[in-house]
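So you can see what is in the structure, the chains are spelled out below.
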Amino acid sequence: MKVRKAVIPAAGLGTRMLPITKSMPKEMLPIVDKPVIHYVVEEAIKAGIDDILIITGKGKRAIENYFDKSFELEFYLREKGKEKELQQIEEIGEMIDIYYVRQKKPLGLGDAILYAEKHVNNEPFAVLLGDDIIISKEPGIGQLINIFDQFKSPVIGVEQVSWESVEKYGIIDGNKVEKDIYQVRDLVEKPSRKQAPSNIAIIGRYVLTPEIFDTLKESKPDKRGEIQLTDALKYLITNNQNTIYAKEIDGDRYDVGDKFGFIQVNIEMALRRKDLRNKLENYLRQYKLLEGSL
Ligand code: G1P
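Notes on the structure in this doc start here. (Residues numbered from 1 in each chain as written. Predicted model: local features only at pLDDT ≥ 70, side-chain atom pairs only at ≥ 80, totals over all residues. Heavy atoms only, no water.)

1. A short note on the overall build of the protein chain
And then number 1: Looking only at helices and strands, the protein chain features 11 helices and 13 strands.
And then number 2: In terms of overall size, the protein chain behaves like a compact globule, its C-alpha atoms giving a radius of gyration of 20 Å where 294 residues would be expected to give roughly 19 Å.
And then number 3: Projected onto its principal axes, the C-alpha positions of the protein chain cover 60 × 50 × 35 Å.
And then number 4: Of all 294 residues assigned to the protein chain, the portion counted as buried reaches 48%.
And then number 5: Sequence-distant contacts, at least 24 apart, represent 74% of the contacts inside the protein chain between residues at least 6 apart.
And then number 6: When the accessible area of the protein chain is evaluated, it comes to approximately 15,900 Å², of which 51% is carbon and sulfur surface.
And then number 7: Here the protein chain carries 45 positive and 47 negative side-chain charges, and the mean point of each set is 3 Å from the other. (Helix = DSSP H or I, 4+ residues; strand = E, 2+ residues; numbered from the N terminus. Rg over C-alpha atoms; globule rule 2.2 N^0.38 Å. Buried < 20%, exposed > 50% of the residue type's maximum accessible area, 1.4 Å probe, protein only. Contact = heavy atoms within 4.5 Å. Areas by Shrake-Rupley, 256 points an atom, 1.4 Å probe, with all protein chains shown as cover. Lys, Arg positive; Asp, Glu negative; His and termini not counted. Charge placed at Lys NZ, Arg CZ, Asp CG, Glu CD.)

Given below as structure tokens:
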């Protein structure tokens, strides 16, 4: 069955980006002039997704407003003859069918995914976490959908990370079956460096099958009181003997949920923009010369 639906969990509190996330969803933080979630939606669309469910939570209204049509703004831009801006704003309001459901309590990623059960309606589906932005020729999630089409089993997006940072991720243990593709043997959520079976980390892109829902319902909260998607995937392998694959995603990944990653992706994306590149390069060069004065 074709993967045509995507789920974007956007209910998290964004504690790593406080204080800005006190009154603003982390998904609405700007990368140059578009919010993080816009890039994630674009990635899904480029991969052939035509239906998106965003799992929101308290204080996330700005996301719905962003993707909504804005008649007043469009009217104003038309009146003023601002054609370029008008086209951009119209396009956002017409991008794709986006649906919303609210997670009632912040009980973790696994619990958020459970809210998608009715909408997904027994189809395989993609999951994209907004903390990870992937800049690549072929959309990150599209790379996983291709593997799903080949093996008809769930696929997790992964990347090798430094051993110092394994404790920030879900980590897999797997057998390499092809270049960049593993059959997953085990998974562990945020292990210590000592406990980590490898340094191959889950990077917020998944293609899942509906079996995950029953497993999530059975999952017990971890010591932080959260239901982990990683634990449910582990259960599928160890108890249900399901096969799960992992694919090293080809592209540059940025962790925008982290202050450094957020600044990094803003600089990188600005450098890719024709209208900003020269100015920014000059500025950075000049800044380097002035370094000593800080
Ligand atoms: C979540 C997942 C984790 C994954 C990470 C990628 O963690 O639980 O397995 O490695 O996303 O960004 P979070 O960063 O939401 O704590």
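After presenting the structure, the write-up continues.
2. What about the site of the ligand?
And then number 1: Taken together, Leu109, Leu129, Asp132, Tyr169, Gly170, Glu189, Lys190, Ile202, Gly204, Tyr206, Gln228 and Thr230 are the residues near the ligand.
And then number 2: One of the side-chain nitrogen or oxygen atoms of glutamate 189 is found 2.7 Å away from an oxygen atom of the ligand.
And then number 3: With the chains in place, 82% of the 380 Å² that the ligand exposes on its own is no longer accessible.
And then number 4: A majority-of-atoms criterion places the ligand in the largest pocket. (Near = heavy atom within 4 Å. Polar contact = N/O pair within 3.5 Å; in protein donor to acceptor, adjacent residues only side chain to side chain. 1 Å grid on protein atoms, 1.4 Å probe; cavity = no way out; pocket = protein on both sides within 12 Å on 5 of 7 lines; lining within 4 Å. Sits in = over half its atoms within 2 Å of the grid points.)

3. Considering the pattern of salt bridges
And then number 1: With the rule as written, the count across this model stands at 29 salt bridges.
And then number 2: One salt bridge in this structure joins arginine 16 and aspartate 131, with 3.5 Å as the shortest N-O distance. With a gap of 115 residues between them, arginine 16 in the loop between β1 (5–9) and β2 (30–31) and aspartate 131 in the loop between β6 (125–128) and β7 (132–135) connect regions that are remote in the sequence.
And then number 3: According to the relative accessible area criterion, arginine 16 is partly exposed, its value standing at 40%.
And then number 4: A salt bridge links glutamate 42 to lysine 34, with the nearest nitrogen and oxygen atoms 3.1 Å apart.
And then number 5: Look at lysine 34 and you get buried, because its relative accessible area is 18%.
And then number 6: Bridged by salt links that share partners, the residues Arg4, Lys5, Asp50 and Glu123 form one connected network. (Salt bridge = Lys/Arg side-chain N within 4 Å of Asp/Glu carboxyl O.)

4. A short note on the environment of methionine 1
And then number 1: Looking at where methionine 1 falls in the secondary structure, it is placed in the segment before β1.
And then number 2: For methionine 1 and tyrosine 182, which are 181 residues apart along the polypeptide, the C-alpha to C-alpha distance reads 22 Å.
And then number 3: If we ignore the near neighbours within four places in the chain, the residues touching methionine 1 are Asn122, Glu123, Pro124 and Phe148.

5. Quick look at the packing of helix α8 (residues 211–218) against helix α9 (residues 229–238)
And then number 1: Running from N to C, α8 and α9 cross one another at 110°; their axes reach a closest spacing of 9 Å. Here α8 is positioned roughly perpendicular relative to α9, judged by the angle of their axes. Considering how the two elements wind past one another, α8 and α9 form a crossing that is right-handed. Note on element contacts: α9 touches α8 through Leu229, Ala232, Leu233, Tyr235 and Leu236, opposite Glu211, Ile212, Thr215 and Leu216.
And then number 2: For the contact of α8 with α9, the residue count by class is seven nonpolar, one polar and one charged. (Axes fitted to C-alpha atoms, helices over the stretch in contact; angles between N-to-C directions. Parallel < 35°, antiparallel > 145°, perpendicular 65-115°, else oblique. Left-handed = near helix turned anticlockwise from the far one by under 90°. Nonpolar A, V, L, I, M, F, W, Y, C, P; charged D, E, K, R; others polar.)

6. Quick look at the layout of surface pockets
And then number 1: Within this model, the largest pocket holds a volume of roughly 1,100 Å³.
And then number 2: Around the largest pocket sit 38 residues that line it, and Arg16, Lys26, Leu129, Asp131 and Lys190 are the ones nearest its centre.
And then number 3: It is strand β11 (residues 200–208) that provides the largest number of residues to the lining of the largest pocket, a total of four residues.
And then number 4: When its residues are assigned to classes, the lining of the largest pocket shows 15 nonpolar, 11 polar and 12 charged.
And then number 5: Approximately 290 Å³ is the volume attributed to the second largest pocket.
And then number 6: Together, 13 residues line the second largest pocket, and Tyr39, Glu42, Lys46, Ile134 and Ile135 are the ones closest to its centre.
And then number 7: Elements that contribute at least two residues to the lining of the second largest pocket include exactly α1 (36–46) and β7.
And then number 8: Of all the elements, α1 adds the most residues to the lining of the second largest pocket, at four residues. (Points joined across faces, edges and corners; volume = space filled by probe spheres on them.)

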